[in-house]
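Here is how the chains run, residue by residue.
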Amino acid sequence: MKKLIYRYIIAALVLIATFSSCTKTIDLKPTHTIDGDVAFTKIEDYEAALTGAYSRLLSVNYYGSSNGSNAFATLSDMMTDNLYESSESLGNYQNFSHWTYTADDANIDASWLAAYRVIQQCNLTLRNIDKLSSTNEGAVNRVKSQALALRAFVHFDVLRYWGEGSLRNSTLKGIPYVSIFDIEQKPSRLSVKESYDAIIRDLQEARGLMQNMDKAIQSATSTASTARGYIDEIATNGILARVYNYAGEADSAIRYSSMAIAARPLASKANFPLIWQDANTAEVLWSVKFTPLNSGVGDNVYYATGNRASYRPTLNLTALYDQVNDVRYASYFQLRARGGANRLVLIKYIAKQAQLARPDGITDFKVLRTGEMYLIRAEAYAQKLMEAAALADLNTLRAARINGFVPGTETGPALLTAIDNERRKELVCEGHRWFDLKRSDRLVDRITNCNVFCSLDAAAREWVWPIPQTEILANPNIAQTNGY
Amino acid sequence: MKKLTLAIIIIINSFPLFAQKTVTGTVTDAQDGAVLSGVNITGNGKAATTNSSGKYSIEVPDNTVLLFTRVGYAELSLNAGINSVVDVSLQLIRRNLQEVVITGYNIQTRRQSVSSISKIGGDDVRSQPIGSFEQLLQGRSPGILIQSQSGQPGSAATVTIRGKGSVLGSTDPLYILDGVQITSSDFQSINPSDIETYNVLKDAMGTAQYGSRGANGVIVITTKRGANQKTRLNYDVQYGKSELPNSKLQLMSSAEKINYELNYDRPDGMNPNGWTAEEADSLSKINANWKDALFRKSTTVQHQLSIAGGNDKTKFFASGSVFDQQGIVITTGLRRVTGRINLDHTLGNFRIGLNTYIGSSKFTNTNENDQFIGSPLNALRWANPYVTPYLPDGSYNETDLLLQGQPNAVKELVENPVSNKQLKLVGGLNVEYRFPMIKGLAARSNIGIDYTENERQQYFDRSTYQGSQQTGGRGSFGQNETKNNRQTITTSISYTKPSGVHRYNISLFNEVVKRKFNGFGYTGFGLVGPFKNGAGITPGTSSNGFIPVVTSTETENAILSYFAIGDYSYRNKYFISGTVRRDGSSRLADDNKWTTFGAVGASWLVSAENFMSNSKLISDLKLKVSYGSSANQGVGDDYEAKEQFGPSSYNGTGGLILTNLKKGDLTWEVRRSFNAGVDFGILKNRVTGSVECYNANTVGLYLNRQVSGTNGVNTVLTNLGKLQNRGIEVALNVTPVQTKNITWTIGGNFTYNKNKILALDGTNENVNANLNSINRVGESANSIYVVRYAGVDPATGDALYYTKDGKGTTHQYDPNDKVIVGKYDPPYFGGFNSSINLKGIEASFLFTYSFGNKIFNGDRVNVENPLYYVSNISKDLLTEWQQPGDITNIPSPFNDFQPNTTRFVEDGGYIRLRNITLSYTPALVMLGKYKVSSLRFFVQGQNLYTWSKFKGYDPEVATGYLQGAQYPALKAITVGMNIGL
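The following refers to the structure shown. Just so it is clear, the structure is predicted and the values come from calculations on it, not from any experiment.

What follows concerns unusual backbone geometry. Positive phi values are uncommon outside glycine, yet phenylalanine 40 of chain A reaches one of about 65 degrees. With respect to the helices and strands, phenylalanine 40 of chain A occurs in the loop between strand E1 (34-35) and helix H2 (43-55). A count of 22 C-beta atoms within 10 Å places phenylalanine 40 of chain A in the buried class. With phi around 45 degrees, alanine 965 of chain B is a residue other than glycine that occupies positive phi space. Its location among the elements puts alanine 965 of chain B in the loop between strand E50 (961-962) and strand E51 (971-980). Owing to 23 C-beta atoms within 10 Å, alanine 965 of chain B belongs among the buried residues under this scheme.

As structure tokens, this is what we get:
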């Protein structure tokens with residue numbers, strides 16, 4: 001009997017050994033992520049990847065802000081005469097407002113990566129999607145067109161910072177245009193012209209695909225707060241208008257801005273303030289949707305949660321407004337108390353309507369608005385010396401914003417200055433001022449609120465961002481920006 | 001080896017009185033209860049020796065003092081009185097060849113072992129008032145660098161064995177507790193007093209046995225077990241106080257700060273706060289004491305009760321303990337309750353062992369090593385001295401944030417409680433069967449589990465700054481629970497031939513180590529009502545902004561292994577060992593799952609040769625050498641080789657984003673190490689020691705291969721580089737005096753480790769700008785890479801920097817001028833100790849030291865940046881450049897501030913009085929009539945003084961890069977008592 005028990009126990013030992021030897025033990029699969037080799041068989045997978053691409057825009061180094069570079073929202077304004085750094089600042093963005101950045105700047109590195117990370121996700125959305133075309137062409141077109149347009153749009157943002165020139169046919173250094181996901185590729189910089197070629201090609205292909213879809217990308221008419229979060233044909237037209245305007249191709253800029261204006265009229269004076277509270281989406285062509293738990297948008301300028309106004313609007317900017325009658329002034333700026341004293345802070349991105357009592361900085365980033373479309377068209381007309389048409393657009397916009405506006409009569413250089421000032425007033429902290437100065441070869445001149453680092457020469461190397469040092473080290477084909 | 005306890009246990013039986021009689025008894029080893037043969041007993045001119053079963057017999061008169069001596073053991077003398085049976089245990093005091101070491105899966109004596117193993121006795125170190133056991137080992141043994149970056153009770157130290165063999169991967173050693181792998185850096189719930197020995201396996205002979213887990217060294221821990229002896233009860237108690245050490249970083253007083261604000265010119269003008277003369281005058285007189293508001297003299301209390309005993313069939317050890325240590329920062333601390341039962345039972349040819357351990361702890365901590373303005377430890381630096389923590393009515397002073405640039409740190413700390421509760425279960429069942437038909441053949445199976453459950457709760461009060469930053473701006477409550485379950489199942493069969501000219505052992509193993517981790521957590525927002533917990537959460541709606549966050553994760557990995565270990569010895573003088581292990585891992589790509597590791601080693605016991613046997617000088621001499629490989633698996637996640645897409649969300653819709661790149665070629669980074677050493681004992685082992693040298697090359701080093709950022713990622717984890725650690729370790733123990741009444745020992749150890757990168761990813765260097773570090777071929781990993789600061793130009797007040805070639809200086813800070821100025825990891829380290837025992841009164845000390853490294857002091861960056869004058873700043877800024885001709889080291893505030901320079905790089909060397917103990921052990925004979933078998937009283941000081949140039953609290957900065965908010969190691973004094981019945 002006793003011997004029998006021993007045998008059982010020995011058998012048990014042997015069994016344990018045998019059980020543990022099964023190689024299935026080490027064949028484990030993730031449960032909370034998806035294996036890329038297994039997924040991407042259905043259109044829903046590609047739709048999810050596209051949603052992922054949009055979500056990349058929420059990064060703190062793209063449109064988000066708290067502790068990130070906020071590169072494509074407010075950072076560019078911090079580098080200009082629109083804003084000055086206050087004593088409340090923790091100094092984290094001084095490299096930018098003082099233009100002392102170098103190729104090893106962590107924020108420049110992060111911004112480069114954040115942009116190409118959106119592009120990566122677009123390219124993953126496009127990877128092998130064509131194999132579904134035969135069964136579901138309309139759905140493929142709907143997903144593919146957005147991925148192409150978003151890819152082009154983000155490349156254009158990269159070109160704005162890193163392109164050595166702005167004009168359509170510039171042979172100066174542009175940017176790498178990345179249209180596949182391949183970790184081993186080491187792309188070189190195209191010329192500015194070639195960069196534009198690629199951007200416009202993708203945008204035009206997207207427009208074409210949008211003519212043949214299984215269903216609309218989003219409601220064309222809704223002005224609900226969740227509406228207009230995706231790039232549809234109207235938004236694509238808006239992007240094209242902006243691209244052609246930067247490129248100096250006035251005819252195309254007029255063509256596409258006109259289409260956008262026709263589809264999305266200017267907001268009423270009553271609706272305008274509500275745009276910034278995300279209570280409606282009047283005149284918004286495309287806005288990137290931030291929801292609770294995402295990052296704040298303008299935190300680097302005014303951190304609403306902590307009431308810290310690191311950067312404040314300059315007198316030089318605020319003096320341009322008719323502070324009583326212009327609906328923009330009260331929508332954009334407010335006196336808020338700190339330490340018993342009031343100071344003027346940017347409230348454009350303070351909160352959605354429901355959170356205004358306890359602002360958290362979480363608002364949608366309005367990427368494209370009809371106001372900009374009018375200014376693009378006015379600029380394009382002026383460039384074509386069609387001053388009457390330019391003035392008409394400018395007056396239409398000003399009348400829409402300013403109570404009791406008496407139409408202006410500017411001509412010649414005064415008209416160009418008026419358009420430029422209107423861009424500052426209309427688009428402050430929407431990521432334009434730096435690039436407007438750059439593309440017209442002007443200098444930054446902080447004539448108010450400034451003691452040190454008050455101007456940046458028009459010829460300074462800092463107008464073009466350096467390629468991050470990490471990229472230079474990893475990619476032998478890429479050329480550093482001149483001067484770095 | 002310093003000894004803290006005598007731990008001499010004698011059992012004296014009373015017998016009737018005779019004038020001259022025969023005294024008999026058994027002599028055993030105090031540590032493992034093994035009988036000791038060859039012990040010399042003298043008394044009254046007679047002498048005797050114990051036989052092979054440890055028994056002796058000697059004829060002496062009553063009240064003779066017997067002297068027991070044996071090589072390697074402490075002498076013991078005692079009055080036999082009228083007893084006729086005197087059983088004694090001798091304490092091993094010096095490492096010698098008979099010492100038993102755990103070589104991994106097996107146990108050998110040092111004589112047999114060819115490995116490099118450091119053994120530290122649990123009882124030698126356990127009295128130190130520290131919550132996490134690995135910190136007890138600091139300075140005790142060569143080759144092991146232990147850096148406790150944090151003084152928070154219960155926080156873990158960084159342990160590095162023989163240099164960092166990995167750049168990206170973990171450098172934590174593998175911890176094996178009674179045969180069960182336990183999670184490293186997770187020791188808050190382990191009771192150090194249960195630990196019998198720490199065996200640190202340093203060379204390939206030991207680590208190759210653990211294959212893909214062993215590259216960073218292995219610490220094999222055994223817990224105490226019962227013995228065939230009378231039941232013993234031990235009670236230990238300890239009580240002490242801790243306080244904040246001094247800091248060399250001086251900040252401004254109120255008068256200095258107000259003076260600075262009023263009289264020093266700066267970009268936004270003098271007197272930026274606009275103080276009137278009266279205000280300035282009254283503020284100058286306030287000297288707020290933030291230190292007293294945030295820190296305290298804290299208490300440590302420790303109780304432990306253990307009971308051990310058994311008979312020839314069943315042995316047991318049981319213990320219970322309570323450890324309660326307050327941190328020096330108010331609110332912080334660790335409270336732990338533990339229990340253990342270890343059972344051994346022999347049934348015929350079966351031996352069954354059962355270990356069960358349960359530990360429960362509550363760890364309350366605060367943020368540290370960060371630059372966050374909400375961190376209370378930063379507030380100590382940054383709070384203006386003219387702003388008091390409390391208002392006169394006792395409420396928090398919340399003078400507008402603008403004044404200080406930060407919230408009230410006391411309020412943030414007290415009103416935002418955080419707690420980490422941990423439940424830890426470590427248990428195992430092992431069964432051994434000795435085949436009766438074939439002598440020496442045995443089968444073993446060990447099934448063990450390491451289960452940890454963590455519950456972290458974080459409350460942010462809506463009235464605090466951090467609370468206002470929560471989603472919805474009205475505080476939050478979050479709870480996160482994780483469960484970590486690791487099973488280790490080892491089955492083996494072995495054959496041993498333990499005697500004769502040829503002796504050998506061969507063991508075949510199969511092992512499975514499976515780990516499953518899952519976590520669940522939530523954070524709710526919009527706290528209402530008086531609740532400081534989940535009850536106060538406002539249910540989230542689409543409009544109120546209080547939508548809670550819920551997280552969930554689960555991940556799993558497994559290793560399946562087959563391995564063999566063999567040892568052979570010839571004439572018990574020449575030894576050869578070998579190991580081969582094949583590991584299959586779930587974490588690698590399908591084509592790459594299996595890897596083979598192995599090691600061979602040999603040793604020669606020179607002192608056992610005939611030509612040495614008469615040497616009066618040399619008592620022990622052994623040469624050893626080994627070579628082999630093991631790997632490191634501590635990198636990436638469990639599915640690192642697969643292309644993974646994780647969840648994302650946009651505009652209320654769920655999406656997928658790429659979270660991990662596919663890495664089909666990923667494999668382990670393999671460390672191949674060579675070890676050669678000599679162990680010696682001189683003058684009857686009055687002097688013992690060892691010298692070892694090693695060379696370990698890590699190949700397939702995990703590196704973040706730089707790829708073009710245009711792919712959306714700029715690095716890919718790849719097996720690429722080559723890294724070398726070579727070094728020398730010396731340990732020496734001397735007993736200058738060993739007489740009947742006085743024992744004096746001196747011990748010391750020294751390690752030099754040279755770390756060198758041999759190859760990177762095709763490029764020559766890899767810079768980490770965030771930590772001011774660089775990995776460059778030919779240099780140490782983690783070298784400090786900054787621009788050299790050249791002082792201040794007296795004419796302009798601008799900072800000057802050396803150009804790259806070092807020949808000139810420039811006003812323009814340029815990152816291209818960065819050079820290597822030192823290394824973060826100390827190449828030289830060790831410890832030395834001494835103890836004197838005079839008739840039971842013992843004084844001992846331990847110094848630990850490390851040098852040759854540098855520290856980047858980020859703490860100073862934040863108080864020397866003139867931009868941050870709104871909060872408090874360094875006293876040194878009073879010497880700021882003001883006008884042409886000023887000779888100073890602090891640039892003008894108009895000059896662009898640049899932190900990444902040698903201005904903030906400091907010498908990291910230090911020497912520390914780690915422990916000093918004074919103890920008294922009353923003579924045993926005196927104790928006999930009180931039925932007490934052992935008694936010891938002690939008073940000790942921990943970290944009482946540190947010699948260092950570092951401008952901060954504590955030069956022990958494990959990463960070398962101090963961000964700020966340093967929680968220094970506790971400076972403590974405790975008193976305690978051990979009593980045995």
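Looking now at the environment of tyrosine 311 of chain A. All names here are of chain A. Summarising the element assignment, tyrosine 311 is placed in strand E4 (residues 311-313). Distance in space between the C-alpha atoms of tyrosine 311 and serine 257 is 32 Å, their sequence separation being 54 residues. Tyrosine 311 has contacts with Met78, Leu83, Tyr84, Glu85, Ser86, Ser89 and Val301, leaving out every residue within four places of it along the chain.

Turning our eyes to something else, we now look at the interface of chain A and chain B. Taken residue by residue, the interface counts 74 residues in chain A and 74 residues in chain B. For the side of chain A that touches chain B, the secondary structure elements donating two or more residues are helix H1 (2-20), E1, H2, helix H5 (106-126) and helix H17 (469-474) of chain A. Classifying every residue of the side of chain A that touches chain B gives 31 nonpolar, 30 polar and 13 charged. By the bridge criterion, two bridges tie E1 of chain A to strand E31 (residues 644-650) of chain B in an arrangement that is antiparallel. Paired with aspartate 35 of chain A across the strands is glutamine 644 of chain B, a residue of E31 of chain B.

Residues and elements named next belong to chain A. For helix H15 (residues 412-427), built from 16 residues, the straight-helix expectation of 22 Å at 1.5 Å per residue is met to within 8% by its first-to-last C-alpha distance of 23 Å. Within H15, burial applies to Leu415, Ala418, Ile419, Glu422, Arg423, Lys425, Glu426 and Leu427. Buried-residue contacts for H15 involve helix H12 (327-332), helix H13 (370-383), helix H14 (387-401) and helix H16 (433-439).

This part is about the environment of lysine 29 of chain A. All names here are of chain A. Examined against the element boundaries, lysine 29 turns out to sit in the loop between H1 and E1. Among the residues examined, lysine 29 registers 12 C-beta atoms within 10 Å and is labelled exposed. Counting along the chain gives 186 residues from lysine 29 to lysine 215, while the straight-line C-alpha distance between them is 36 Å.

Strands belonging to one sheet form pairs held by backbone hydrogen bonds; the direction of such a pair is parallel or antiparallel. Residues and elements named next belong to chain B. The strand order across the open sheet formed by four strands is E4-E3-E6-E7, and the pairing between neighbours is antiparallel. Both outer strands of the open sheet, strand E4 (46-49) and strand E7 (76-79), are each paired with one neighbouring strand and no more. Sheet twist, expressed as the average angle between the axes of neighbouring strands with direction ignored, equals 20 degrees. With four bridges joining them, strand E3 (residues 40-43) and E4 adopt antiparallel strand pairing. Considered in E4, the bridge of glycine 43 is made with lysine 46.

Criteria and cut-off values
- Residues numbered from 1 in each chain as written.
- Chains lettered and ligands numbered in written order.
- Predicted model: local features only at pLDDT ≥ 70, side-chain atom pairs only at ≥ 80, totals over all residues.
- Helix = DSSP H or I, 4+ residues; strand = E, 2+ residues; numbered from the N terminus.
- Buried ≥ 20, exposed ≤ 12 C-beta atoms within 10 Å, placed from the backbone.
- Contact = placed C-beta atoms within 7 Å.
- Nonpolar A, V, L, I, M, F, W, Y, C, P; charged D, E, K, R; others polar.
- Pairing = 2+ DSSP bridges.
- Expected span 1.5 Å × (residues − 1).
- Axes fitted to C-alpha atoms, helices over the stretch in contact; angles between N-to-C directions.

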